[in-house]
Amino acid sequence: MGSNDKPTRQTGKNHAFLQSLGHAWDGLRSLFHYERNFRKHLVLGAVTLILGVALQVSLTDWLWLVMAIFLVLFSETLNTIVEAVVDLVVGTTYHDLAKRAKDIAAGGVLLAAFFAVIVGAIILLPALLKRF
Ligand SMILES: Nc1ncnc2c1ncn2[C@@H]1O[C@H](COP(=O)(O)OP(=O)(O)OP(=O)(O)O)[C@@H](O)[C@H]1O
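Residues numbered from 1 in each chain as written. Predicted model: local features only at pLDDT ≥ 70, side-chain atom pairs only at ≥ 80, totals over all residues. Heavy atoms only, no water.

1. Details of the site of the ligand
Move 1: Around the ligand, the structure places Asn37, Asn79, Glu83, Val90, Thr93, Tyr94, His95, Ala98, Lys99, Lys102 and Asp103.
Move 2: Within the side chain of Asn79, a nitrogen or oxygen atom sits 3.5 Å from an oxygen atom of the ligand.
Move 3: At 3.1 Å from a nitrogen atom of the ligand is found a main-chain nitrogen or oxygen belonging to His95.
Move 4: Those elements that place two or more of their residues in the shell around the ligand are helix H3 (59–90) and helix H4 (96–131).
Move 5: Here the residues of the shell around the ligand sort into 3 nonpolar, 4 polar and 4 charged. (Near = heavy atom within 4 Å. Polar contact = N/O pair within 3.5 Å; in protein donor to acceptor, adjacent residues only side chain to side chain. Helix = DSSP H or I, 4+ residues; strand = E, 2+ residues; numbered from the N terminus. Nonpolar A, V, L, I, M, F, W, Y, C, P; charged D, E, K, R; others polar.)

As structure tokens, then:
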């Protein structure tokens, strides 16, 4: 979709950096619009950032928190790509390989989410306990 939601129907290469950037932005808008889990992860990421500010975590801790947030968002992006490509190929037909690809992609999101929970617990829990 184009940036104003009108399909551009372009299938050839982009000819300018701004054009590429526009399509990348369309991709992010599409993720936000269609993927409920992506929106949930964004909200959780925002809560984490607010906690980081409130608890005045160190620069190193910020790097870990930001890395964990982006890893989850990135894995959700890859998961969405796999779902879209699998649906493009098999449609609504059941296929064992389609199931395997989608389940593995979802497993990747779960791994990233575990990592984020561990990082959050290591950094934010002690800082929270110090306050209360
Ligand atoms: N074509 C298919 N063939 C076999 N299994 C499928 C197929 N499509 C979906 N599945 C199974 O159904 C599950 C959910 O499908 P899908 O990932 O499309 O739904 P979703 O609600 O968008 O998932 P998510 O919660 O990751 O957003 C998959 O993980 C897979 O196990």
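So that's the structure; there's more coming.
2. As for the domain arrangement of the chain
Move 1: Split into domains, the chain comes out as domain 1 (1–34) and domain 2 (36–131).
Move 2: Its C-alpha centre places domain 1 at a distance of 24 Å from the equivalent point of domain 2.
Move 3: The interface is formed by 4 residues belonging to domain 1 together with 6 residues belonging to domain 2.
Move 4: With both sides pooled, the region where domain 1 packs onto domain 2 buries about 450 Å², and carbon together with sulfur makes up 70% of that total.
Move 5: When residues of domain 1 are sorted by the area they lose upon contact with domain 2, Leu31, Phe32 and Tyr34 head the list and together hold 91% of the total.
Move 6: The interface formed by domain 1 and domain 2 includes 0 salt bridges.
Move 7: Here domain 1 is connected to domain 2 by 2 residue pairs in polar contact (both at pLDDT 80 or more).
Move 8: Here the side of domain 1 that touches domain 2 is built from residues that sort into 3 nonpolar, 1 polar and no charged. (Domains from an automatic or database assignment. Contact = heavy atoms within 4.5 Å. Buried area = accessible area lost by both parts, 1.4 Å probe. Salt bridge = Lys/Arg side-chain N within 4 Å of Asp/Glu carboxyl O.)

3. Considering the pattern of salt bridges
Side chains carrying opposite charge are able to pair once their charged atoms draw close together.
Move 1: This structure, assessed with the given rule, holds 2 salt bridges.
Move 2: Of the charged contacts in the structure, one is a salt bridge between Lys99 and Asp103, with a shortest N-O distance of 2.7 Å. A residue pair is termed a helical-turn pair when its members lie 3 or 4 positions apart in one helix, as Lys99 and Asp103 do in helix H4 at 4 residues.
Move 3: For Lys99, a relative accessible area of 42% corresponds to the partly exposed category. (Buried < 20%, exposed > 50% of the residue type's maximum accessible area, 1.4 Å probe, protein only.)

4. Structural notes on the side chain of Ser75
Move 1: Following the sequence through the fold, Ser75 ends up in helix H3.
Move 2: A relative accessible area of 12% means that Ser75 is categorised as buried.
Move 3: A distance of 2.8 Å separates a polar side-chain atom of Ser75 from the backbone oxygen of Val72.
Move 4: When near neighbours in sequence (up to four residues on either side) are disregarded, Ser75 contacts Gly108, Val109 and Ala112.

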